[in-house]
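Summary of the model geometry
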Amino acid sequence: MARPAPEYPTPTGLLKGKTVLITAAAGNGIGGAVAQRAVEEGATLFLSDMHERRLGETADRIAALGFARPGTLVCDVTSEDQVQALVAGAIGAMGHVDVLINNAGLGGAASVIEMTDDQWHRVLDVTLTSVFRMTRAILPHMYERQSGAIVNNASVLGWRAQKLQAHYAAAKAGVMAFTRCSALEAAEKGVRINAVSPSLAMHASLSKVTPPGLLEELTEKEAFGRYAEPWEVANVMLFLASDLSSYMTGEVLAVSNQQA
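Overview of the structure.

Definitions and cut-offs
In every chain, residue numbers begin from 1 and rise along the written sequence. With the structure being a predicted model, the display of local features is reserved for residues of pLDDT at least 70 and the display and counting of side-chain atom pairs for 80 or more, all residues being used for whole-chain, interface and lining totals. Calculated side-chain values reflect all of the structure's heavy atoms, with hydrogen atoms and water omitted. Centres within 6.5 Å make a pair out of two Phe, Tyr or Trp rings, where for Trp the six-membered ring is used; the pair is then stacked when the planes are under 30 degrees apart, edge-to-face when over 60, and tilted otherwise. Secondary structure counts use DSSP, requiring at least four H or I residues in a row for a helix and at least two E residues in a row for a strand, with both numbered from the N terminus. Buried means the residue's accessible area, taken with a 1.4 Å probe over protein chains only, is under 20% of the maximum for its type, while exposed means over 50%, and partly exposed covers the values in between. A 3.5 Å cut-off defines polar contacts: any pair of N or O atoms within that distance qualifies, except that in protein one atom must be a possible hydrogen donor and the other a possible acceptor, and neighbouring residues in sequence count only when both atoms are side-chain atoms. Throughout, a residue-residue contact means that at least one pair of heavy atoms, one from each residue, lies within 4.5 Å. DSSP calls a pair of strands paired once it identifies at least 2 bridges connecting them. For crossovers, right-handed means that the path from the first strand over the helix to the second runs clockwise, given strands pointing away from the viewer.

1. A look at the packing of aromatic side chains
- For the structure on display, the rule yields two aromatic pairs.
- Judged by centre distance (5.3 Å) and plane angle (70°), the rings of Tyr8 and Trp231 are edge-to-face. With Tyr8 in the segment before strand 1 (19–22) and Trp231 in helix 8 (residues 230–241), this pair connects stretches of sequence that are 223 residues apart.
- Residue Trp231 is classed as buried on the basis of its relative accessible area of 13%.
- With a centroid separation of 6.3 Å and an interplanar angle of 85°, the aromatic rings of Phe132 and Phe178 are classed as edge-to-face. Of this pair, Phe132 sits in helix 4 (residues 117–145) while Phe178 sits in helix 5 (residues 166–187), and the two are 46 residues apart along the sequence.

Here it is in structure tokens:
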């Protein structure tokens, strides 16, 4: 029997006074959830996504909750010029950036023998290389301030095997390795870099791109008999962004209850 999700959390001011930049923040998935949870916890936000309409809708939704409307900028994280413009825009709007949340990622399903070079490169570019681009762009600013936190969104597929996911799993394993290595460099400048690795967080967009029956199969592997709500993943990302995780860097926290 599935255990129900807990009640939505009561804000505690976890990120009070923090400025937060989030990529792929639009929509009803983890990006939108971490944006809402961050502002509920006291943060000032700057949001980006490549989908202009959905980005605007996310900012409007946050404003409708009674918070200041976040700054926004459309950004394709596969473009170095747009990444640099995003970082500059966020710093200009907020004065500085305390936290970067790298949420951009691209999935898909294809067997190794049928996967094209374009499919492989596209998934790695959006899911892995974008994390490198955003981190490279923000670190000089954080180094100058001798503080900052970066939270990357990985996946349990960086550790575990699943058919038709070789490109995505390779990208997420790369995010984990990049997190660990870049964290050692950034520690010298007072900047922390960590990651989360969710197992299964359900949202409408995910169901549209997942082969029939797969989500049900994956849900059965969860010890609680249910998928995670996006805000449950967001909670862990906010912990890593906050001062409560001040001694942690180079870590990858699994947001999972799989029985594997």
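Moving on from the coordinates now.
2. Description of the side chain of Asn257
- Of note, Asn257 is situated in the segment after strand 7 (252–255).
- Only 2.7 Å separates the side chain of Asn257 from the backbone nitrogen of Ala223, close enough to count as a polar contact.
- A distance of 2.9 Å separates the side chain of Asn257 from the backbone nitrogen of Phe224, its partner in a polar contact.
- Setting aside residues no more than four positions away along its own chain, Asn257 makes contact with Ser199, Lys221, Glu222, Ala223 and Phe224.

3. Remarks on the pairing of strand 1
- Of the two faces of strand 1, the one holding Thr19 and Leu21 and the one holding Val20 and Ile22 are both buried throughout.
- Bridge count for strand 1 against strand 2 (residues 44–49) is four bridges, and the pairing is parallel. Residue Val20 lies in a different strand from strand 2, and its bridge partner there is Leu45.
- Running through helix 1 (residues 30–40), the crossover from strand 1 to the neighbouring parallel element strand 2 is right-handed.
- Relative to strand 4 (residues 99–102), strand 1 is paired through three bridges, and the arrangement is parallel. Bridging from a neighbouring strand, Ile22 pairs with Ile101 of strand 4.

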